[in-house]
Each structure stands twice: as C-alpha cells, then as structure tokens.
Amino acid sequence: FHKANTLPAGYLFHATDSEEVWDLADLTPQCGRRGDSLKLALSWIYYGSSGYAAQIDHGFEMASYFASQVACNPEFVLVSQNPPPLFQVCFYYAPGGKMPEKPEEVTKLTADIVAKLILKGFMIDYSPGEMGHFFRAVVNVQTRKGTVDGLIKAIVETAKEM
C-alpha cells in the first residue's frame, strides 16, 4: 500500500538511521506531488465541502498563529510571510537574538537541532536558504496551538542543551 501511494521527494524529511517511515505527508491528499484523486475523492465524501472548508480555515489559522509566535520571539528570524500563504512556516534560529555569522554555522546548528527534535517526536525539517538552512515546519488541519507552542519551546531548549 505504501509503495503504491508514495512518491518520495528529496526536500521532504531527510534520511535517518532508522528504517521507519517518517514522511507521512506522502500518504495524505494535501501533499500534492501527483494527482492522488482516489485519496481526495474518499476524503471529500467523508468530510464534505463544509468539513473541508473548516479544516482548511483551521490550518491557515494555525500557520498564522505559528508565524506570529515566531515573529515575536527574539530567538527566531521569520522567513515566511506573516500570515503565511500556505501551511508552511519557515524561520531561522537566532541564539540570543543574533544570527551566526557564517551560513555553514547556521546550517549545522539547524540540522543538529532537527536531528534531536525528531528523536523527541517532533516532525520538523529544514531547507536551504541564503543565510544557511532554515527550519521548515508544516502545520496540518489537526495542529493545535499547544503543539506549536511546544515546538517553539523545544527548539529553544534543545539548542541550549547543545
């Protein structure tokens, strides 16, 4: 089932030492790397138009909340627009309110934090940017404010532990 419904993308979830499948976006209708019409049709039948609308509105609310929390935190530099035009929020970690000088330092710090967060159960990834790799977090229709707050707190705490 997984093989029949997957199309891996290099920019989604970087390889781990584990054989476990972390890229759950592959099996959801909103991660549109190809036309997954059956998944879309079945979920539309189940939720209906109003159910889909409510979920989408909630997803945008959570993305906006996430971006606002990042923007007002001196430990981060928001890359995304606020509010974001999609369910993705991109940002840099800036220890003590200051970005590391070299992009390589930013990239290493970001990758190290992500590796530790995944072991703690957080699903977060990173992407290349002008100042080094930045965090790329994607909310979904089930994301709650507590999850966003917990992730922000976990990033800061994990960075300080390193």
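See the structure shown above.
The notes below deal with the structure included here.

About the cut-offs
Residues numbered from 1 in each chain as written. Predicted model: local features only at pLDDT ≥ 70, side-chain atom pairs only at ≥ 80, totals over all residues. Heavy atoms only, no water. Helix = DSSP H or I, 4+ residues; strand = E, 2+ residues; numbered from the N terminus. Core = buried A, V, L, I, M, F, W, Y, C linked by side-chain atoms within 4.5 Å. Buried < 20%, exposed > 50% of the residue type's maximum accessible area, 1.4 Å probe, protein only. Contact = heavy atoms within 4.5 Å. Pairing = 2+ DSSP bridges. Axes fitted to C-alpha atoms, helices over the stretch in contact; angles between N-to-C directions.

1. A look at unusual backbone geometry
Of note, the bond from Asn 82 into Pro 83 is cis; its omega dihedral lies within 30 degrees of zero at 5°. By the secondary structure assignment, Pro 83 is in the loop between strand 1 (76-78) and strand 2 (88-93).

2. With respect to the nonpolar core
Of all hydrophobic cores here, the largest spans 28 residues; its most connected members are Phe 66, Phe 91, Tyr 93, Ile 124 and Ile 155. Of all the secondary structure elements, the ones that give two or more residues to this core are helix 1 (37-71), strand 2, helix 2 (103-119), strand 4 (134-138) and helix 3 (145-161). Looking at this core element by element, the count peaks at seven residues for helix 3. Once residues lying within four places of it in the same chain are set aside, the contact partners of Tyr 93 are Glu 75, Phe 76, Met 99, Pro 100, Leu 109, Ile 113, Phe 135, Ile 155, Val 156 and Ala 159. Core analysis: the next-biggest nonpolar cluster, separate from the first, contains six residues, Cys 90, Met 99, Val 106 and Phe 134 among them.

3. Quick word on the sheet that holds strand 3 (residues 125-127)
By way of backbone hydrogen bonds, the strands of a sheet pair with one another, either parallel or antiparallel. Spatially, the four strands line up as an open sheet ordered 1-2-4-3, and their pairing is antiparallel. Among the strands making up the open sheet, the edge pair consists of strand 1 and strand 3. Recorded for the sheet is a direction-independent mean angle of 40° between the axes of neighbouring strands. Where strand 1 meets strand 2, three bridges bridge the pair, whose relative direction is antiparallel. Residue pairing in the sheet places Leu 78 in a bridge with Phe 91 of strand 2. Its contacts with the sheet put helix 1 on strand 1, strand 2 and strand 4, and the angle it makes with strand 2 is roughly 15°.

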